[in-house]
Each structure stands twice: as C-alpha cells, then as structure tokens.
There are 2 protein chains.
Amino acid sequence: MKPSIPKGTRDFSPLEMVRRNFIFKTIREVFEKYGYQPIETPAMENMETLTGKYGDEGDRLIFRILNSGNFLNDFRQEQALKDIANPHNINESDTFAKLDFNNSEKYLSRISEKALRYDLTVPFARYVVQHQNEITFPFKRYQIQPVWRADRPQKGRYREFYQCDADVIGSDSLLNEVELAQIINDVYSKLGISVTIKINNRKILQGIAEYVGEPNKMIDIAIAIDKLDKVGIDGVIEELSIKGFSSEKSRLITEIVFQRYAQKSAIDFFGNMPSDIKEMYKENPLILKGFEELRYIVNSINKLESFDSKIQFDLSLARGLNYYTGAIFEVKANDVQIGSVCGGGRYDDLTGIFGLPNVSGVGISFGIDRIFDVMNELKLFEKLELPVSTTKVMLAHFGEDERNYCIGVASQLRAAGINTEIYPDVTKKIAKQFDYANKKQIPFVIVVGGDEMKTGELTLKNMATGEQTKMKTEEIVKKLQP
Amino acid sequence: MKPSIPKGTRDFSPLEMVRRNFIFKTIREVFEKYGYQPIETPAMENMETLTGKYGDEGDRLIFRILNSGNFLNDFRQEQALKDIANPHNINESDTFAKLDFNNSEKYLSRISEKALRYDLTVPFARYVVQHQNEITFPFKRYQIQPVWRADRPQKGRYREFYQCDADVIGSDSLLNEVELAQIINDVYSKLGISVTIKINNRKILQGIAEYVGEPNKMIDIAIAIDKLDKVGIDGVIEELSIKGFSSEKSRLITEIVFQRYAQKSAIDFFGNMPSDIKEMYKENPLILKGFEELRYIVNSINKLESFDSKIQFDLSLARGLNYYTGAIFEVKANDVQIGSVCGGGRYDDLTGIFGLPNVSGVGISFGIDRIFDVMNELKLFEKLELPVSTTKVMLAHFGEDERNYCIGVASQLRAAGINTEIYPDVTKKIAKQFDYANKKQIPFVIVVGGDEMKTGELTLKNMATGEQTKMKTEEIVKKLQP
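Below or above, wherever it landed, is the structure these notes cover. (Residues numbered from 1 in each chain as written. Chains lettered and ligands numbered in written order. Predicted model: local features only at pLDDT ≥ 70, side-chain atom pairs only at ≥ 80, totals over all residues. Heavy atoms only, no water.)

## Quick notes on the overall build of chain A
Tallying secondary structure elements over chain A gives 21 helices and 17 strands in all. Within the span of chain A, comprising 482 residues, buried residues form 58% of the whole. For chain A, the share of sequence-separated contacts (at least 6 apart) that also reach a separation of at least 24 residues comes to 69%. Summed over all atoms, the accessible surface of chain A reaches about 19900 Å², with 49% contributed by carbon and sulfur. (Helix = DSSP H or I, 4+ residues; strand = E, 2+ residues; numbered from the N terminus. Buried < 20%, exposed > 50% of the residue type's maximum accessible area, 1.4 Å probe, protein only. Contact = heavy atoms within 4.5 Å. Areas by Shrake-Rupley, 256 points an atom, 1.4 Å probe, with all protein chains shown as cover.)

Next comes the structure, spelled out in structure tokens:
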C-alpha cells in the first residue's frame, strides 16, 4: 500500500519548516511587543461549544470526532432489547426510527460529542468565560494554532491550517484598534510585504441601514455589498431586492457605498472630512459615531513616525462575519493577486453566547499559508537570506578513528552554540559525505584525516565559495560562532 | 450553559505557556545543535496508516474522525432502496445486517476514514516512505507536535499531549546512540533536572532467549520483565510460565536479568567487563554483540568532557514496544518519584510496514508534561528566574492626552525591542492601572502625567522593589533594553 495523507492536509519538509517558523516567529514577536500574551486551547472542543456559532454552512464544515469505546455495541444491544421486547412489530419506519435516521443530528450526537476546532475565536470566547475569575481584564491574548475545516480542498485552501490571532477583550478603547493596525504594519514590514489596510466601521453600515429606513437589516446590507467582487453592482442591487429592499433604497445604498465614499485615502479623507457628510448624516448620530471612531484611528496612525502601510477607507468593506459591531479591517498585499492576508474587527458581545454578556473586544487574524505563498511568489525568503538548513557545519572523516575524533571537536563547537553534525557512518568515501552536506545545504564542512588528527589543524570548507582553510578548532569556533 | 472542555484536555494560561515554551525551546535548540531538522505532519492520518501499528489496545485508543458531508443521508437512501426492493422481508437479523452491526469495524470504516495521530513515530515512518525520493539519507529529523489518545484520563495522563521526538533513519552507526545520549544529557542539564539514563540492548534479551533455548520468545521475555515494578520477581516468573517457559528457564532468566547484571554502573561495568560474561556467552555471538554495542556507547560517553547524567546499565530494562531491536534507553529523574521522562531505542525495520524494508533507525521521545511536573515540583521555574510575563513595561496615564502621548513613547520602546503595553482605557484611577500591572506581573510601570508630558521626564517604577526614578525615554530604553 502506497502511503498517503488525507486530502487537504500537508507534510512540511525541513526547508518549509525553516520558512514557516520564520513567519511564526515574526508574528509572535510583534504580538508580544504590544503586550499580547500567549494561550493555547485543546484541538478538541465539545460539540455544543462549536455548533450554531458559524452559521449552517460553517456547522457542516466542522470535523466531528467519534466517541471512543465500543459505542456501537452498546447501541446494538439497546436495539436488540427493544426488538426482543416487541419482536413482531418491525416495519420500515421502525427501522429508521431505531436509527434516528429521520433525525440525523440526534443520531450523530449519540456517536460523536467532540469536534475539531474550526477557528480560534470561539474557543477564545469559551476560554474567557470559563476562566473569567483567573483573568485580569482587559485581557490581551494571542494564539497560534491549527484549525480544521471540511472545506473542498483547492489551491491555497486546506483542511488543516494555522491561524495567528490577537484579541483584546474587556476594553472598548480605540487605542486597541490603533495598536492592531500597528501590529499589522510591523508584521508585514518585517516580512518585506507591502500591504494596504482597508478599514470601515459596522456602525456606518448600521447607520446606512437606518438612513434608508431598514434599521434591522444591517447584516443583509453587509453580506450583499461583500459580494461586489463576485457579482458586480447590479448583482448587489439584486441581492438587496431579494432581501426586501425597494429598488430605490438598493440604488441609494450602492450609490453611497460604492461611489460617494468608496476607497478614499483615509488620511486625506479624515484629515478634512467633507462637510456634506456632517450635513447628510446630522440626523444620524450612529453614522457620525462610526466616522468619528475611524477618524480617531486614522489620525492616531497618521501621527506615528514609522508606518509604511497604506490605509484605505473603504465603505464597501463589509466582512462576512455576523458578530462585528465596530471598526473592521482587511489587509491586501499590494504586489500579489491573492485574497486578504489578514482581517479582523470589533465585536461587542462575543462572550455573550457563553454567558458573559456585554464585554467588548477587538481582534485580528493572520493567515500564515497565504503569507507563505506571497513570500514565495516575491522570492522574499531568498532576499531575506534565511538559512535553508538549521545545521551550520558538518564534520567529514576518513575512517573510524577520525570519526571518533570528531566527537570531541563537535562537543567544542556545540558548546559554543554552533549547530554541528557529524557524518554518522564510517566510510572512506569523502565525496559521499560532501554530497550529503550539499544536498542538505549545510554551509560549512570540516574534514578530519590522519594529518588533521596529528596537527589539530582541521580543513574548513565553505560550501558556497569552495574556499578551504586549515584552522585549529578554536579558530573555527570564532569564525562560525553566531 | 457553563462552558467546558472535553475531559483529558487542557487550556494553557499565559504563565503556563511561558514555562512550556521554555521547555520546548530548550529541547528544540539541543535537537538542532546535533543536526536534527524539523518536520511536521498533519494531525489527521488515514485510518489504514495507523491501524495495526499499536497493538489491539492501541487501536482502541485511536480517536476516529467522522467523514464530512451528509454520509448519513446517503446511507439512509441506500437502505431505503433495499427496503423498497423487498419491503416484506424485514426481520430482526435484517435490521442489524443493514447496519453491519454484526461487523462494527466494517460499519465504522464506512463513516470514518481518518483518525488523529496517536504518536509521532508511525507518521514519521509514513513520511519517510512517502517522501523517500526527496530525502537525503541518513535523515535526522525532529518533530514537536501534539498526539491524541482515548486513554482513561488520570493525574499526569491526558488525551491530548505533546511529544518531542528526534530520530535518525538510514544509518546503523552507534554514533547516533552516543549523540542521542548527549542530547538527553544536554536537555536535562539545561533544564536543571538531574537524571539517570538506563540503557540495555534488545540483542542481549534476544541472546538470552536463545541462551535458554527459546529463540522466538524475546518479546515475551521483554514484556514479562518489563512488569517487575508491578508484579515483582515471582510475578515475572509466573508471567513467563504462562508464556510457556519451564520453571527452570524462568528462574534462569530472572536470575540473569535481575541479579547477575542488573543496574550496574555502566561505566564500571563496561570499563572492565566481567570475564565470566565472555565465558558464559562465548557460545552466543548475539549477546556479545549486544554487550559490545553498549560498551562502545558507554566508553564514548565516558570520554566526553562534560556529561553530568548517570549512565546505568540495566539488563532488566525492556521497553514495551515491539519494534526495538538494538540499544534501548529510559530516563528517570533522580529527585522526583515519577515515571520515565524520556525513552527510545533502535529499530531495524520501522518503515517496512509502509514498503521500505531494512532501513535501520534510532530515536528518542521527550514527554513535555512530565518534565513540566518535575520542574514544578522542584521549583525550577522559580530558580531559573523565568519571566512570568512576556511584557516588560506598562505605560500608565492620568487622562486622554496623557494616554495618546504614551503612543509615541511606546513606539520608541518597542523599536528598541522592549515589549511594551499601554493601559488601553482612559481613567483617572491610577491605582487600578497599577493593580492591572501587578496582577499580570509586569516588572516595570511608566507613569505619564501632565508634568511628565511637559518635561519629558517620565516616572519609571520597578514593581518588584517599588523604587521610582524620573528618566527621559532614551534613558528608560537604555535601562530596559534586552
């Protein structure tokens, strides 16, 4: 049987690991620089923690785990007893009734009570409520762990992938939005990726819903305008009319959202906000509140000495998720055609579902896989000159005595913090040993032969330049020390 | 509904994360110092990759994942069609037949084709075979990932826990055993845990099996003597007789294993190996080979300048697993009563099950959770003076202007690599802000009030000593820089 792994999952080679770990390390260090602290939650959550949090579509994509133990036998005995109790009354409907086939969910919940984490946000909300008495609020946490989704696998979409989330909960201060924008900027400038941060505010969308006289349909508006790229303006108008908006209201909404204030440079826009907005919305405090929040965020960022990323105000930015209630973010790479590489926003009641209502929070999530693809396409790993091997030097040798002599040399190098490998097998074939070092892209090789053992002068070869020099171990340590 | 997590799983708080990450980092750095390179494999493997590799007991502890999609409906339709085809012939046996209830495994395999990783060794063997054409052998890999087992949860045993494995495959050199012993020694001395490394060799156990005339019963012997701690010598003798050993042979085996050469200091033992062994085993080359291998390993370690751990030769060390064929290791903490904190050994044909026969390998596995418990019990985290917070300094303020002034100060500190947090909410209550910093055990607090903004002289408070000093931001940077 040829071994394989489930579709939509991946193995990561040493080279891929070096590059992915560089991205993880960068994100982790920036999170910590802003005072976010790490937590981890289990891969498995109870079904009731997850179901109903992601919409019907999401629920179908949750990977369920079978109860352990021999549940089938228990179930079977149970059925057998029923049948013995009344053996002559078996007909088709019974057959299904026994299995709860008319009620798949009930049947499923009997054989599967746990599921794999679908994202990091719901487990975080569960964590905050469960540990609320140990937590000091405002609670700034980051979490870098894999999530699992039974999505149809396709290019750039996997069934197991990592999310890197930072959230602060228990503070409604806009400073958090400002710092999250700084985190986004710092991460991408450290990675060498030029990005545009699009911002909007759900309060404005809610205000627009009220402005057009449909105060309870903000989510409908958000979901409709979120589809612009796929269906175009006419499609959005159609979508809105399906949701019961009059053609007049639909046109007004799209006119405001896509023409009047779409995709302005936020700096210019909020630097001197058009007076007609105040005019237009003076009857509508919620819209103004939304604009004022964005203005504070953008002006604060504008005051920062170093902030490379472009900030773009985009009234047509909606985000799919239902729970956002304030500022929302979406980040696009400027030089690569790919979906958003980071997103987030403020939510006012995420923990309410678990029994801790009215706690405001805001967070962002980085998608490591897209970042990896972007860096590959832009050849950034090469530009950053990341080491491709975690090993700095390999010791090659001409025989058993030489190989054993290497043990002492390696100990000295390792004691000095130099990652060192001894070619393990005893072989006269020095070419084979060099070939091994080459294939593994180990940058330096030390050759130990009879003379070297006598004199203690070892041959150090730089595998990139081919340059060879004779040195004592102490000199090699000095040269290779990190 | 009060939120909870599945039994046997855990959340990790920021403090626990700081401590666990320290252990992970230590192990990772030592692995890399010896030329081991990281890989990762998916949490999910195909069932056929895992089943039959861990024994019946193990198979029952594998967590299976339900196929995604609406398999129940498909299944139900299938049944319905059968019933329509032949509606009057439904009786009890049919009912079960439909479900394959008489064949749970067949039924299970219809609804579940994937499972969660049970250890890192089998996925590694699968990886090596699947990627054999991209891999340069000898392949030295390490892997640090969680595994899942449907064990009965109890103190120190969890259903989700991390393993830290290092294996080299494609080399039968004993240097690998020597370096793995060095890795064990380096990891535990860096963690401050004093350990004893017990070693033995399956070749000797095989030799003993041949010596007593039961050449095919080495595993029976290994499993029997592995139970000494639980059942005592008489129990082992009984165990052996159950396996069909004569009482004479059983007594001889236990006499050799537990009395004659048990638990010698390996250094003395192999320094001058008792002549009677050569006598006793001269008819048995395999035993001698086993002893010679151990002698090379121990003597090589003996030559090392720095090796703190005690090496103990223990002929009664057997290890549970079937696949070991050479040297075996088990590590015990000297100052804490707890099971083994690391184990491993050489296997000659692990990849054979996946179609790549006769490739010898050797590896070890660290159990992070027991290491964590040992370090807790010995108060090592305190002794190591690990920071309990990832944040170095918090900025406190007396109002909105001061809070906004902090943004610029924080940027300077962060640019210098200092993890800095601004208390996000605007509040006059300075005590509340200090309380927050205290609870999070942030070591320094900077206070910004009106005067500080005018003069640029900020108040820096050392939260441990209570000492307060006025400084310019540049001086604070110098003082707090890592």
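Alright, that's what it looks like, and here's the rest.
## A look at the interface of chain B and chain A
How big an interface is tends to be reported as the loss of accessible area on association of its parts. Contacts between the two partners involve 104 residues from chain B and, on the opposite side, 104 residues from chain A. Together, the buried faces of chain B and chain A total about 9400 Å²; carbon and sulfur atoms form 60% of this surface. Taken together, chain B and chain A are joined by four salt bridges. At eight residues, helix α4 (residues 71-85) of chain B tops the list of elements feeding residues into the side of chain B that touches chain A. For the side of chain B that touches chain A, the per-class residue count stands at 47 nonpolar, 31 polar and 26 charged. (Buried area = accessible area lost by both parts, 1.4 Å probe. Salt bridge = Lys/Arg side-chain N within 4 Å of Asp/Glu carboxyl O. Nonpolar A, V, L, I, M, F, W, Y, C, P; charged D, E, K, R; others polar.)

## As for the packing of aromatic side chains
One pass over the full model with this rule turns up 24 aromatic pairs over all chains. Ring centres of A:Y188 and A:F366 lie 5.7 Å apart, and the angle between their planes is 45°; this geometry places the pair in the tilted category. Here A:F366 lies in strand β12 (residues 361-367) and A:Y188 lies in helix α8 (residues 175-191), a separation of 178 residues in the sequence. Classification of A:Y188 as buried rests on a relative accessible area of 1%. On the basis of relative accessible area, A:F366 is assigned to the buried category, the value being 1%. Each ring, one from B:F31 and one from B:F366, has its centre 5.9 Å from the other, and the planes form 50°; the classification is tilted. Of this pair, B:F31 sits in helix α1 (residues 14-33) while B:F366 sits in strand β12 (residues 361-367), and the two are 335 residues apart along the sequence. Note on accessibility: B:F31 and B:F366 belong to one class, buried. Cluster of aromatic residues (ring-pair linked, three or more members): A:F31, A:Y142, A:Y188 and A:F366. Positioned above the aromatic ring of B:Y158 is the side chain of B:R10, whose terminal nitrogen or guanidinium carbon lies 3.4 Å from the ring centre. (Phe/Tyr/Trp six-rings, centres within 6.5 Å; stacked < 30°, edge-to-face > 60°. Lys NZ or Arg CZ within 6 Å of the ring centre and 35° of its normal.)

## Quick notes on the pattern of salt bridges
Once their charged atoms are close, side chains differing in charge can pair, the charge on each being opposite to the other. Applying the stated criterion across every chain yields a total of 50 salt bridges over all chains. The salt bridge partner of A:K203 is A:E293, with a shortest N-O separation of 3.0 Å. With A:K203 in helix α9 (residues 202-211) and A:E293 in helix α15 (residues 285-303), this pair connects stretches of sequence that are 90 residues apart. The pair formed by A:K203 and A:E293 is uniform in burial state, with each residue classed as buried. A salt bridge links B:E179 to A:R414; the nearest nitrogen and oxygen atoms lie 2.9 Å apart. In this pair, B:E179 is assigned in helix α8 (residues 175-191) and A:R414 in helix α18 (residues 400-415), connecting two distinct chains. If you follow the salt bridges from partner to partner, you end up with A:R10, A:R20 and A:D369 in one network.

## Let's talk about the packing of helix α1 (residues 14-33) of chain A against helix α16 (residues 368-377) of chain A
Residues and elements named next belong to chain A. The interhelical angle for the contact between α1 and α16, taken along N-to-C directions, is 115°, at an axis separation of 11 Å. Considering only the axes of α1 and α16, their crossing is right-handed. Residue-level contacts link E16, R19, R20, F22, I23, F24 and I27 of α1 to I368, D369, I371, F372, M375 and N376 of α16. Of the residues belonging to the contact of α1 with α16, the class tally is eight nonpolar, one polar and four charged. (Axes fitted to C-alpha atoms, helices over the stretch in contact; angles between N-to-C directions. Left-handed = near helix turned anticlockwise from the far one by under 90°.)

## Comments concerning the sheet that holds strand β16 (residues 457-462) of chain A
All names here are of chain A. One open sheet holds the five strands; their spatial order is β14-β13-β15-β16-β17, and the pairing between them is mixed. Only two strands of the sheet have a single neighbouring strand rather than two, namely β14 (420-422) and β17 (468-472). When strand polarity is set aside, the average angle formed by the axes of neighbouring strands in this sheet is 30°. In the sheet, strand β15 (residues 444-448) pairs with β16 via four bridges, with the strands oriented antiparallel. If you follow I446 over to β16, its bridge partner there is L460. Against the sheet, helix α21 (residues 473-480) makes contact with β13 (393-397), β15, β16 and β17, and its axis sits at roughly 115° relative to β17, the strand it touches most. (Pairing = 2+ DSSP bridges.)

## Focus: the packing of α8(B) against helix α15 (residues 285-303) of chain B
When two helices pack together, their arrangement is captured by the angle between the axes and the distance separating the axes. Residue and element names in this part refer to chain B. Across the interface, α8 lies against α15 with an axial gap of 9 Å and an inter-helix angle of 50°. One element, α8, and the other, α15, form an angle in the oblique class. Every pair of crossing elements has a handedness; the one defined by α8 and α15 is right-handed. Side by side, α8 and α15 meet where L175, E177, V178 and A181 of the first sit next to Y296, I297, S300 and I301 of the second. By residue class, the composition of the contact of α8 with α15 is six nonpolar, one polar and one charged. (Parallel < 35°, antiparallel > 145°, perpendicular 65-115°, else oblique.)

## Notes on the sheet that holds strand β13 (residues 393-397) of chain B
Residues and elements named next belong to chain B. Within the open sheet, the five strands sit side by side as β14-β13-β15-β16-β17. Their pairing is mixed. Either end of the sheet is taken by a strand with one partner, and the two such strands are β14 (420-422) and β17 (468-471). On average, adjacent strands in this sheet sit at an angle of 25° to one another, irrespective of strand direction. Pairing geometry for strand β15 (residues 444-448) and strand β16 (residues 458-462), over four bridges, is antiparallel. Bridged to F444 within β16 is N462. The sheet contacts of helix α21 (residues 473-480) involve β13, β15, β16 and β17, and relative to β16 the element is tilted by about 20°.

## Examining the pairing of β17(A)
Residue and element names in this part refer to chain A. In the sheet, β16 pairs with β17 via five bridges, with the strands oriented antiparallel. The residue of β17 that forms the bridge with T459 is K470. The loop that links β16 with its antiparallel partner β17 comprises five residues; one of these, G466, has a positive phi angle of about 85°.

## Re α9(A)
A turn of α-helix holds 3.6 residues, and therefore any two residues three or four places apart point the same way. Residue and element names in this part refer to chain A. A large share of α9 lies buried, amounting to eight of its ten residues. Taken together, the buried positions of α9 are R202, K203, I204, L205, Q206, G207, I208 and A209. At the N-terminal end of α9, a side-chain oxygen is found 2.7 Å from the backbone nitrogen of K203, two or three residues along, and the residue is N201. (Polar contact = N/O pair within 3.5 Å; in protein donor to acceptor, adjacent residues only side chain to side chain.)

## Re the relation of the copies chain B and chain A
After a rotation of 180° and a shift along the axis of 0.0 Å, chain B superposes on chain A with an RMSD of 0.1 Å. These values place the two chain copies in the arrangement generated by a two-fold rotation axis. Minimal C-alpha separation from the rotation axis in chain B is found for B:I65, amounting to 2.2 Å. An overlap of 100% is found between the interface residues of chain B and their copies at the interface of chain A, pointing to a shared contact surface. (Least-squares fit on C-alpha atoms with pLDDT ≥ 70 in both.)

## Section: the environment of B:F398
With respect to the helices and strands, the residue B:F398 is situated in the loop between β13 and α18 (400-415). The spacing of B:F398 and B:V426 is 28 residues in sequence and 7.5 Å in space, taken between C-alpha atoms.

## Here's the deal with the environment of A:N462
All names here are of chain A. By secondary structure assignment, the location of N462 is in strand β16. The class for N462 is buried, based on a relative accessible area of 17%. For the pair N462 and V393, spaced 69 residues apart in the sequence, the C-alpha separation amounts to 9.3 Å. Aside from chain neighbours lying at most four places away, what touches N462 is P443, F444 and E467. Within polar-contact distance, the side chain of N462 engages the backbone nitrogen of T465 at 3.1 Å.

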